[in-house]
Amino acid sequence: MDKEQILTKIQDCGIVAVVRAESTDKAIRITDACIEGGVAAIELTFTVPHADKVIEELAKRYTPDEIILGAGTVLDATTARIAMLSGAQYIVSPALDLDTLHMCNRYRVPMMPGIMSVREGLLAMENGADILKVFPADLFGPKIIKDIRGPIPYAKMMPTGGVNADNVGEWIKAGAVAVGAGSSLTAGAKTGDYKQITETGKKFVANIKAARAEMSK
């Protein structure tokens, strides 16, 4: 799938599930539950044991039409390349690392580096970042999206951290093109309640759609 198509699908979905788990089996079960809930964009983090193997398994398990498979917590260019070769369609990092960004640009793989300031955002964009991951977003609240889009209205941002199904509409209305959701989406896995993940995913998707519909009036 072409880079632009991947980015469009992520933005259309509006939510990226940040999947962290202590085992391969749990990571796959979380992913299954997310997809069942309509959350097709999955960010499998490299904090998961043998993350590259899990990405390979998910790439075999689902078709590109069923999943938008990415790698998260990618801290360097080497890890980014491993993720790509394993089947990751996009790369997400908690911070801005230019070598990683350049690696992704070289292979035309979408990259979402973490930023915390306008300066970092501009530097990331100048080096080819596709979407800016505002992280940790709970330190700022939705207002930061509006504040950055004031002087840089063309910046595409995805807040991660502190985004939940109840406040996701506020982030979308503030100008976020998508959101990243971790524990607020996947908390059910701690007790083995994967159905809860599915239901939370449905709520996220519904509230994102509602916010966008309200904005288009």
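In short, a report on the structure. Note that the coordinates shown come from a computational prediction; the quantities given were computed from them, not determined experimentally.

**Quick look at the sheet that holds strand β5 (residues 111-112)**
Pairing within the open sheet is parallel, and its six strands lie in the order β5-β4-β3-β2-β1-β9. Lying at the two open borders of the sheet, with one neighbouring strand each, are β5 and β9 (179-181). Pairing between strand β1 (residues 15-19) and strand β2 (residues 41-45): four bridges, direction parallel. Bridge pairing links V18 to E43 in β2. Sheet strands touched by helix α3 (residues 51-61): β2 and β3 (68-72). Its angle to β2, the strand with the most contacts, is close to 155 degrees.

**Concerning the pattern of salt bridges**
Here the structure, examined in full by the defined rule, presents 10 salt bridges. A salt bridge links D2 to R108; the shortest N-O distance between them is 3.6 Å. Of this pair, D2 sits in the segment before α1 (3-13) while R108 sits in the loop between α5 (98-106) and β5, placing them 106 residues apart in sequence. A relative accessible area of 36% means that D2 is categorised as partly exposed. Residue class for R108 comes out partly exposed when judged on its relative accessible area of 43%. A salt bridge links K195 to E199, with the shortest nitrogen-to-oxygen separation between them at 3.7 Å. Remark: E199 and K195 occur in helix α10 (residues 194-215); sequence separation between them is four residues, near one turn of the helix. For E199, a relative accessible area of 37% puts it in the partly exposed group. In this structure, a network of salt bridges that share partners links the residues D2, E4 and R108.

**Quick word on the pairing of β2**
Burial runs high along β2: five of the five residues are buried. On β2, burial covers both faces: A41, E43 and T45 on one face and I42 and L44 on the other are all buried. Chirality of the crossover, the property in question, places the unit of β1, helix α2 (residues 24-36) and β2 among those that are right-handed. Pairing geometry for β2 and β3, over five bridges, is parallel. Residue L44 lies in a different strand from β3, and its bridge partner there is A71. The β-α-β motif built from β2, the intervening α3 and the parallel element β3 has right-handed crossover chirality.

**Side note on the packing of aromatic side chains**
Throughout the structure, instances matching the rule amount to zero aromatic pairs. Across the ring face of Y107, the terminal group of R81 is positioned such that the distance to the ring centre comes to 3.7 Å.

**Things to note about the environment of E22**
Within the secondary structure, E22 is located in the loop between β1 and α2. Sequence-wise, E22 and M84 are 62 residues apart; in three dimensions their C-alpha atoms are separated by 22 Å. A polar side-chain atom of E22 sits 3.1 Å from a polar atom in the side chain of K26.

**So, the packing of helix α4 (residues 77-86) against α5**
The geometry of α4 relative to α5 is characterised by a closest axis approach of 8 Å and an angle of 30 degrees between their N-to-C directions. Considered as vectors, α4 and α5 are oriented roughly parallel to each other. The two elements α4 and α5 cross, and the hand of that crossing is right-handed. Here α4 contributes A77, A80, R81 and M84 to the contact with α5, which in turn contributes D99, T100, M103 and C104.

**A word on the nonpolar core**
Ranked by size, the top nonpolar core spans 63 residues in total, and within it I15, L44, I91 and L185 carry the most contacts. Of all hydrophobic cores here, the second largest spans 13 residues; its members include A41, Y90, M158 and A178.

**Quick word on the packing of α2 against α10**
Two elements in contact, α2 and α10, have axes separated by 7 Å at closest approach and are oriented at 40 degrees. Considering their axes alone, α2 and α10 lie oblique with respect to each other. The crossing of α2 and α10 is right-handed. Note on element contacts: α10 touches α2 through Y194, I197, T198 and K202, opposite K26, R29, I30, A33, C34 and E36.

Reading guide: rules and limits
- Residues numbered from 1 in each chain as written.
- Predicted model: local features only at pLDDT ≥ 70, side-chain atom pairs only at ≥ 80, totals over all residues.
- Heavy atoms only, no water.
- Pairing = 2+ DSSP bridges.
- Helix = DSSP H or I, 4+ residues; strand = E, 2+ residues; numbered from the N terminus.
- Contact = heavy atoms within 4.5 Å.
- Axes fitted to C-alpha atoms, helices over the stretch in contact; angles between N-to-C directions.
- Salt bridge = Lys/Arg side-chain N within 4 Å of Asp/Glu carboxyl O.
- Buried < 20%, exposed > 50% of the residue type's maximum accessible area, 1.4 Å probe, protein only.
- Right-handed = clockwise from strand over helix to strand, strands pointing away.
- Phe/Tyr/Trp six-rings, centres within 6.5 Å; stacked < 30°, edge-to-face > 60°.
- Lys NZ or Arg CZ within 6 Å of the ring centre and 35° of its normal.
- Polar contact = N/O pair within 3.5 Å; in protein donor to acceptor, adjacent residues only side chain to side chain.
- Parallel < 35°, antiparallel > 145°, perpendicular 65-115°, else oblique.
- Left-handed = near helix turned anticlockwise from the far one by under 90°.
- Core = buried A, V, L, I, M, F, W, Y, C linked by side-chain atoms within 4.5 Å.

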